[in-house]
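Residues per chain, in single letters:
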Amino acid sequence: MKTNLKASQAIQIAMEYQKRYNLYGVIHDDIERSVKFYNEFYRVKGSAWLVLADITPKVYEGDDEITFVISDEAGEVDHILDHNGIPHRYHLSSNREYTDEEFEAIFNEDDDE
């Protein structure tokens, strides 16, 4: 499959986004460890690159990584999945905590599929 980005470019995009928004985690240079490619990914138009940032050791519940979801078509971070799988868009001024109603809607939408 032809892609617009290479794995190394996806890592670079994630690192720049992480630095710009002062996000935690360590993105390792090892492509095998840090990058996954999907032909399609939930809420992303077209293909997506997932770049994982290691957040160990951790002191809370959830995964031991956060995920930068990068649109292959746009060549930019679409959103971040935090350690609980909750999406965040730090590049949008409307990024904020979810209300209880919005949180329920997200998970109810997933249940319907």
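This next bit is on the pairing of strand β2 (residues 48-54). In terms of residue burial, β2 counts as a mostly covered element, since six of its seven residues are buried. Here strand β1 (residues 35-38) pairs with β2 via four bridges, running antiparallel. Directly across from F37, in β2, lies its bridge partner W49. Bridge analysis of β2 against strand β3 (residues 65-71) gives seven bridges, and the strand direction is antiparallel. Each residue of the ladder has a partner; that of W49, found in β3, is I70.

Considering all chains together, one arrives at four aromatic pairs under this definition. Judged by centre distance (5.6 Å) and plane angle (50 degrees), the rings of Y38 and F41 are tilted. Through successive ring pairs, a cluster of aromatic residues spans Y17, Y21 and F68.

What follows concerns the sheet that holds β2. Pairing is antiparallel across the open sheet formed by five strands, whose spatial order is β1-β2-β3-β4-β5. In this open sheet, the two strands that pair with only one neighbour each are β1 and β5 (87-88). For strand β4 (residues 76-81) and β5, the ladder comprises two bridges, and the chain directions are antiparallel. Looking at β5, one finds that L81 is bridged to P87.

A separate point is helix α1 (residues 7-20). Counted at 1.5 Å a residue, the expected span for α1 with its 14 residues is 20 Å, and the 20 Å between its end C-alpha atoms agrees. Within the sequence span of α1, burial applies to A7, A10, I11, I13, A14, Y17 and Q18. Down the axis of α1, the sector holding all buried residues measures 160 degrees, keeping them to one side. Among the exposed residues of α1, those oriented more than 90 degrees off its buried face are K19 and R20. Where α1 is buried, its residues contact α2 (31-34), β1, β2, β3 and β4.

Conventions and cut-offs
Residues numbered from 1 in each chain as written. Predicted model: local features only at pLDDT ≥ 70, side-chain atom pairs only at ≥ 80, totals over all residues. Heavy atoms only, no water. Buried < 20%, exposed > 50% of the residue type's maximum accessible area, 1.4 Å probe, protein only. Helix = DSSP H or I, 4+ residues; strand = E, 2+ residues; numbered from the N terminus. Pairing = 2+ DSSP bridges. Phe/Tyr/Trp six-rings, centres within 6.5 Å; stacked < 30°, edge-to-face > 60°. Expected span 1.5 Å × (residues − 1). Arc of directions from axis to C-beta. Contact = heavy atoms within 4.5 Å.

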